[in-house]
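Each chain, letter by letter, is given below.
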Amino acid sequence: MASMTACSSGSSDESAPLKFVLSGDATQGGGYQKMADKYFEETGTKVEIVDVPGDDLTTRLRNSAQADDLPNIAAAANVDPLWKDQLLDLTSIAKDANVLPTLTVEDPADNKVKALPSSLTSVGMFINKDLWDKAGVSYPTDASQSWTWDEFVAKAKQVQSGAGAQYGLTMDASAHRLRSFLYEFGSQGVVQDGDDFTLDDQAKTALEYFKTMNDDGFMPKSVWTAGDDASATFKSGQVAAYYSGVWQVADFQANITDFAWASVPTPQQPVKATNYGAASWIVGFSGRGKDDATTKFISWLYQPENYTAYCEIAGCLPSVSGLNVSYPKNAESFAMYNAEIAASPAVSAVQTTDQLRQGYEGKSLDVEPLKDETIKYLSGEQSIDQTIDAITAATKAALG
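Please read all numbers here as calculations on a predicted model, not as lab measurements. (Residues numbered from 1 in each chain as written. Predicted model: local features only at pLDDT ≥ 70, side-chain atom pairs only at ≥ 80, totals over all residues. Heavy atoms only, no water.)

## Things to note about the environment of Asp80
At step 1: Along the polypeptide, Asp80 turns up in the loop between strand S3 (73–76) and helix H3 (91–97).
At step 2: We classify Asp80 as buried; its relative accessible area is 8%.
At step 3: Separated by 283 residues in sequence, Asp80 and Lys363 place their C-alpha atoms 8.0 Å apart.
At step 4: Look past the residues within four positions of Asp80 in its chain and what remains in contact with it is Thr58 and Arg62. (Helix = DSSP H or I, 4+ residues; strand = E, 2+ residues; numbered from the N terminus. Buried < 20%, exposed > 50% of the residue type's maximum accessible area, 1.4 Å probe, protein only. Contact = heavy atoms within 4.5 Å.)

## Overview of the packing of aromatic side chains
At step 1: Per the stated rule, a full pass over the model turns up 32 aromatic pairs.
At step 2: Between Trp132 and Phe152, the aromatic rings sit 6.4 Å apart at their centres with planes inclined by 25°, giving stacked as the arrangement. With a gap of 20 residues between them, Trp132 in helix H4 (residues 129–135) and Phe152 in helix H5 (residues 149–163) connect regions that are remote in the sequence.
At step 3: Judged by relative accessible area, Phe152 falls into the buried class, the value being 0%. (Phe/Tyr/Trp six-rings, centres within 6.5 Å; stacked < 30°, edge-to-face > 60°.)

## Regarding unusual backbone geometry
At step 1: For the bond from Gln269 to Pro270, the omega torsion is 5°, close enough to zero to count as cis.
At step 2: Inspection of the secondary structure puts Pro270 in the loop between strand S12 (261–264) and strand S13 (276–278).
At step 3: We note that Asn98 has phi near 60°; this positive angle belongs to a residue other than glycine.
At step 4: Turning to its location among the elements, Asn98 is positioned in the loop between H3 and strand S4 (106–107).

## What about the state of the cysteines?
At step 1: Going through the model one piece at a time under the given rule, you end up with zero disulfides.
At step 2: Free cysteine Cys311: the closest other cysteine sulfur is in Cys316, separated by 4.0 Å. (Disulfide = S-S within 2.5 Å.)

## Considering the environment of Ile341
At step 1: As for its position among the elements, Ile341 is in helix H13 (residues 331–343).
At step 2: Beyond its immediate stretch of four places on either side in the chain, Ile341 contacts Leu120, Ser122, Thr274, Tyr276 and Leu317.

## Brief notes about the pairing of strand S1 (residues 18–22)
At step 1: Counting buried positions along S1 gives five out of five residues, so the element sits mostly inside the fold.
At step 2: Judged by which residues are buried, S1 turns out to be covered on both faces: Leu18, Phe20 and Leu22 on one side and Lys19 and Val21 on the other are all buried.
At step 3: Here S1 runs beside strand S2 (residues 47–51); their pairing, made up of five bridges, is parallel. Each residue of the ladder has a partner; that of Leu18, found in S2, is Val47.
At step 4: Viewed along the sheet, the connection from S1 through helix H1 (residues 31–43) into S2 turns out right-handed.
At step 5: Inspection of the sheet shows S1 paired to S3 by two bridges, in the parallel sense. (Pairing = 2+ DSSP bridges. Right-handed = clockwise from strand over helix to strand, strands pointing away.)

## A few points about the pattern of salt bridges
At step 1: Taken as a whole and assessed by the stated rule, the structure comprises 18 salt bridges.
At step 2: Linking Glu42 and Lys38 is a salt bridge whose minimum nitrogen-to-oxygen distance equals 2.7 Å. Pair noted here: Glu42 and Lys38 are both in helix H1, with a separation of four residues, about one helical turn.
At step 3: Since its relative accessible area comes to 23%, Lys38 is described here as partly exposed.
At step 4: One salt bridge in this structure joins Asp215 and Lys211, with 2.7 Å as the shortest N-O distance. Of the two residues, Asp215 and Lys211 are both situated in helix H7 (residues 201–215); the distance of four residues between them amounts to about one turn of the helix.
At step 5: By relative accessible area, Lys211 is classed as buried at 18%. (Salt bridge = Lys/Arg side-chain N within 4 Å of Asp/Glu carboxyl O.)

## Things to note about the sheet that holds S1
At step 1: Here five strands make up an open sheet; going across it, the order is S2-S1-S3-S14-S6 and the pairing mixed. Bordering the open sheet on either side are S2 and strand S6 (116–117), each of which pairs with just one other strand.

## Observations regarding the nonpolar core
At step 1: Counting residues in hydrophobic clusters, the biggest one holds 117 residues, and the most contacted among them are Trp149 and Phe152.
At step 2: With residues near it in sequence (within four places) discarded, Phe152 still touches Met125, Trp132, Trp147, Gly168, Leu169, Phe218, Ala241 and Pro267. (Core = buried A, V, L, I, M, F, W, Y, C linked by side-chain atoms within 4.5 Å.)

## Quick look at the layout of surface pockets
The probe, sized like a water molecule, is rolled over the atoms to show the empty space still left.
At step 1: Size it by volume and the second largest pocket reaches roughly 480 Å³.
At step 2: As for the second largest pocket, its lining consists of 23 residues, and the residues nearest its centre are Val190, Phe197, Asp354, Gln358 and Leu399.
At step 3: Secondary structure elements with two or more residues in the lining of the second largest pocket: helix H6 (175–184), strand S9 (191–193), helix H14 (350–360), helix H15 (369–378) and helix H16 (384–399).
At step 4: Element by element, the count of residues in the lining of the second largest pocket is highest for H14, at six residues. (1 Å grid on protein atoms, 1.4 Å probe; cavity = no way out; pocket = protein on both sides within 12 Å on 5 of 7 lines; lining within 4 Å. Points joined across faces, edges and corners; volume = space filled by probe spheres on them.)

## Notes on H7
At step 1: With 15 residues, H7 should cover 21 Å at 1.5 Å per step; its first-to-last C-alpha distance of 21 Å lies within 8% of that length.
At step 2: Within H7 the residues assigned to the buried category are Ala203, Ala206, Leu207, Tyr209, Phe210, Lys211, Met213 and Asn214.
At step 3: Tucked into the core, H7 has its buried residues touching H5, strand S8 (170–171), H6, helix H8 (222–225), H15 and H16.
At step 4: In the stretch just after H7, Gly217 is the one whose phi turns positive, near 85°. (Expected span 1.5 Å × (residues − 1).)

## Side note on the side chain of Arg288
At step 1: Within the element layout of this structure, Arg288 appears in the loop between strand S14 (281–284) and helix H11 (291–301).
At step 2: Side chain to side chain, Arg288 and Asp68 meet in a polar contact 2.9 Å long. (Polar contact = N/O pair within 3.5 Å; in protein donor to acceptor, adjacent residues only side chain to side chain.)

## As for helix H2 (residues 54–66)
At step 1: Among all positions of H2, only Leu57, Leu61, Ser64 and Ala65 are buried. Angularly, the buried residues of H2 cover 100° about the axis, an arc narrow enough to put them on a single face. Relative to its buried face, H2 has exposed residues pointing more than 90 degrees away, namely Asp55 and Gln66.
At step 2: Elements in contact with the buried residues of H2: S1 and S3.
At step 3: Of the residues trailing H2, Asp68 is marked for its positive phi of about 55°. (Arc of directions from axis to C-beta.)

The structure is reproduced here in structure tokens:
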């Protein structure tokens, strides 16, 4: 990890490197670091990759903005109202790179694109293939097949008993994952209606179903209520299935050696849906003394040859159209995610783009009411109706 104190990012010193702040590069094969090395070889311009913990990234950028010491580039979770007015115009890059229209979000103040999706992220299901095979339980193997949540739960419980698995399922404690779960039950998620926000009856049904899975020993309740690591729980080899997303593929390739795993279609009840959007947003900051150099690097990064190489190294889905990405491993997993994204309803893509628009408008959802209030529901602190009211009220307080 590079030091944050190597030099001031606001320096106009031509010899100083471009500073690129992000999170999680090491877990995805060091894709951006490898691209930075390639860029230095081609141009002689150094790009310093600063990889910080995901929970610290937003705070780090805010503190940098307040200290007038923003980096040149960042892969941010969203556009932050604190630094939204310091962004470089990336409109021409978005057009030249053929960024997916659903992820081409303009700043409503001037109709310019100032944030580019780093890659396409999507929720999906993994199984411990060894456990399923040991129990002799079948499962769908490609995106043309499907199963309902009822069918999945019944089969996973057979794996629990037949193979001695401790749990049938674990799921990341994330609003991103829970939102896709709601979509699969036919919900539209948290929807703005005038000045208010609402959750439909399908969301209520999904949350009640989710609580049942947590209460009956099918899921490790401690992941959501006590903050246990869902990924580590799955990697223990004692869980039949893991509801997470495409970003896990690179990590599993490197770190799961004790059992065979596989991507399988996400269950539907009755809607075939995922939750997809930008893994993060690439932004360039103006006023750092290196606007041209920053724009040139971002433009280079999104050129087809370079962006394809990044996706292959990092094991991620492209957020631009027209590329032929040849994954060296687990190509079938990436194909399944692409197929599920294509089959998903439009609501499946609203999360990250809505948050980006909110940032442009000076609004910031710094908490996740859907996740936070669901945890209280799972812990028995409030009823389902109180949970829904709390989710919509907290969302309105932040964004209304």
